[in-house]
Structures are given as structure tokens and as C-alpha cells.
Amino acid sequence: MQTKNILGIDVGASGIKGAIIDLEKGELITERMKLATPKPATPAAVGEVIKELVAKIGYEGNLIGCGFPSIVKHGVAYSAANIDEAWIGTNIETVVSEATGKEVIAMNDADAAGLSEMRYGKGKGQKGTVMLITIGSGLGSALFINGHLVPNSEFGHLYLHGWVAEHYVSNTARKKYDMTWEGFGKRFNEYLLHVDRLMSPDLVILGGGISNEYKEFGKYIDKKLNVTTAAMFNHSGIIGAALYAYEAKFGEI
Ligand code: BGC
């Protein structure tokens with residue numbers, strides 16, 4: 001029988017994370033391991049780190065799901081906001097597969113996190129328009145209509161006050177401009193109101209490292225917005241990547 005324990009990897013601007021996921025439960029069955037993203041994060045260098053990660057985790061399966069911080073179509077990266085530009089036009093699946101000797105299915109990192117929340121977390125059973133926004137080095141988004149993913153939505157690249165939104169209000173921007181939680185919360189509220197004006201989501205789920213700090217900045221978010229934090233916080237990315245890979249290859253769990 002085909003195993004439903006699949007390795008999920010999440011490539012980020014600062015760390016590359018991975019764990020084996022039990023897809024029946026949507027839970028990690030190995031501890032999440034994290035290695036530093038190489039600098040520069042070229043395809044060859046990232047491939048090497050993923051190879052090391054797979055060896056450290058001791059994964060013996062043949063399939064890897066990989067979340068990647070760019071537009072991803074048919075395995076190819078089409079943007080590179082927080083990763084080396086050499087990735088543009090590169091087939092992520094081929095690079096990671098050649099490094100690890102395993103079959104790889106790649107997708108946008110925020111789409112992966114969203115998928116995990118829709119299946120196992122806060123979006124489970126939610127109809128209508130659901131968006132997941134990840135707040136990290138960049139600002140990522142995932143869009144679901146009645147549970148179906150509309151891939152590569154990239155709402156982190158909207159313009160807000162003449163800025164690319166993720167330059168105005170990501171975690172990188174928070175640190176760069178030394179924002180207080182109040183300052184960050186107010187900017188993020190402006191961002192969410194803008195997204196709301198465009199998409200009228202029924203639910204917005206926040207993911208990424210600083211969604212853990214929602215208690216600090218959540219009070220600045222307009223009450224009319226239906227906002228919650230991801231059930232799996234920043235584990236969602238690896239869980240969703242593993243799920244997507246499994247289902248792309250074997251059909252629904
Ligand atoms: C990228 C997105 C990614 C997000 C989060 C943005 O800069 O354009 O593709 O999902 O960062 O990593």
C-alpha cells in the first residue's frame with residue numbers, strides 16, 4: 001500500500017524546513033528540522049542544503065513536496081522576490097530531484113500553507129472566499145474559492161501607498177523600520193482592509209512566524225474583518241507541500 005507519510009519541505013528566505021508528515025492526520029511525525037538558507041540562495045546551493053536536510057531527517061520515501069517562495073507553475077519558478085534571481089525560469093522539481101534522488105512536486109509556499117489550513121486547520125469546511133496570508137520575510141497569499149485553490153495569487157505584491165505591500169508591512173519591513181506592535185498592527189490593518197476591498201474574503205487566516213504574535217498586533221485589526229491565526233502556525237507550509245505532492249500523484253487522500 002502507498003504510504004501516506006510524505007516529506008514536506010518549506011524553502012524560506014532565512015531557513016529551509018522539513019518534516020515527515022502523516023497525511024491521514026495532518027501531523028508531523030518527525031521533529032521539524034531547519035537548516036539555514038545558503039547565501040546566495042542559488043539553485044545549486046539550495047539543492048545541496050535540501051539534500052543534507054533529507055539525509056538528517058532520514059527520509060526513505062520516494063516523494064517530496066516542496067513549498068517555494070515564488071510563483072510556481074508546472075514546477076518552474078517565475079519570480080524571485082526573496083530568493084536568488086537565478087531561480088527565475090528554473091525548474092525547482094528538477095533541481096531538488098537531482099540533489100536528492102527523489103521525485104519532487106513544488107508549489108508556492110503560501111499556497112502550501114493555505115492548503116494545509118483548508119484541509120486540517122481553520123479553513124476546514126469553510127465555503128466562500130478564504131485567504132491565507134503568511135507574514136515572514138515576504139508577504140505570501142493563498143486564495144480558496146469554496147475550498148478550491150486558485151494558485152499563485154501573490155497578494156503580497158499589491159501596491160499600497162505606492163509601495164509593494166510586502167515592503168510596507170512584512171516581518172522584514174517591521175524590523176527594517178523598527179516598528180512597534182502598534183505601528184505594525186496599524187499598517188497590517190490598512191493592508192487587510194485593502195485586500196478586503198478587492199476580494200471580500202469570508203475568512204482570512206494568518207500564517208508565518210509572526211502570526212504567533214497576533215496577541216500583540218491583533219487589537220489593531222478592524223473588527224469587521226473575520227481574521228484568525230493558522231492552527232498549525234508555521235508548520236502549515238511543510239504539511240501542505242506534502243499533501244499537495246501526494247494528491248498530485250495519487251489522488252485525494
Ligand atoms: C513571494 C511569494 C511568497 C511570499 C512568502 C513573496 O515575496 O513573492 O511567492 O509566497 O513571499 O514567502
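These numbers come from a predicted model, not from an experiment. (Residues numbered from 1 in each chain as written. Predicted model: local features only at pLDDT ≥ 70, side-chain atom pairs only at ≥ 80, totals over all residues. Heavy atoms only, no water.)

**Quick word on helix α3 (residues 109-120)**
It helps to recall that an α-helix has 3.6 residues per turn; residues three or four apart then point in one direction. Its twelve residues give α3 an end-to-end C-alpha distance of 17 Å, which sits within 8% of 16 Å, the value for a rise of 1.5 Å per residue. Here α3 lies mainly inside the structure; ten of its twelve residues are buried. Near the N-terminus of α3, the side chain that reaches the backbone nitrogen of Ala110, with its oxygen 2.9 Å away, is that of Asn108. (Helix = DSSP H or I, 4+ residues; strand = E, 2+ residues; numbered from the N terminus. Expected span 1.5 Å × (residues − 1). Buried < 20%, exposed > 50% of the residue type's maximum accessible area, 1.4 Å probe, protein only. Polar contact = N/O pair within 3.5 Å; in protein donor to acceptor, adjacent residues only side chain to side chain.)

**Quick look at the side chain of Thr229**
Here Thr229 lies in strand β15 (residues 227-229). A relative accessible area of 14% places Thr229 in the buried class. Excluding anything up to four places from it in sequence, Thr229 contacts Lys122, Ile205, Leu206, Ser211 and Tyr214. (Contact = heavy atoms within 4.5 Å.)

**A few points about the sheet that holds strand β14 (residues 203-207)**
The sheet built from five strands is open, its strands ordered β11-β10-β9-β14-β15 with mixed pairing. For this open sheet the edge positions go to β11 (148-150) and β15, each flanked by a neighbour on one side alone. The average undirected angle you get between the axes of adjacent strands in this sheet is 30°. For strand β10 (residues 139-145) and β11, the ladder comprises three bridges, and the chain directions are antiparallel. Among the inter-strand pairings, Phe144 is bridged to a residue of β11, identified as Leu149. (Pairing = 2+ DSSP bridges. Axes fitted to C-alpha atoms, helices over the stretch in contact; angles between N-to-C directions.)

**Structural notes on the packing of aromatic side chains**
Here the structure, examined in full by the defined rule, presents eleven aromatic pairs. A centroid spacing of 5.5 Å and a plane angle of 65° characterise the contact between Trp163 and Tyr168, whose relative ring orientation is edge-to-face. By relative accessible area, which is 7% here, Tyr168 ends up buried. By the ring-pair criterion, three or more aromatic residues cluster together here, those being Trp181, Phe184, Phe188, Tyr191, Tyr214 and Phe217. (Phe/Tyr/Trp six-rings, centres within 6.5 Å; stacked < 30°, edge-to-face > 60°.)

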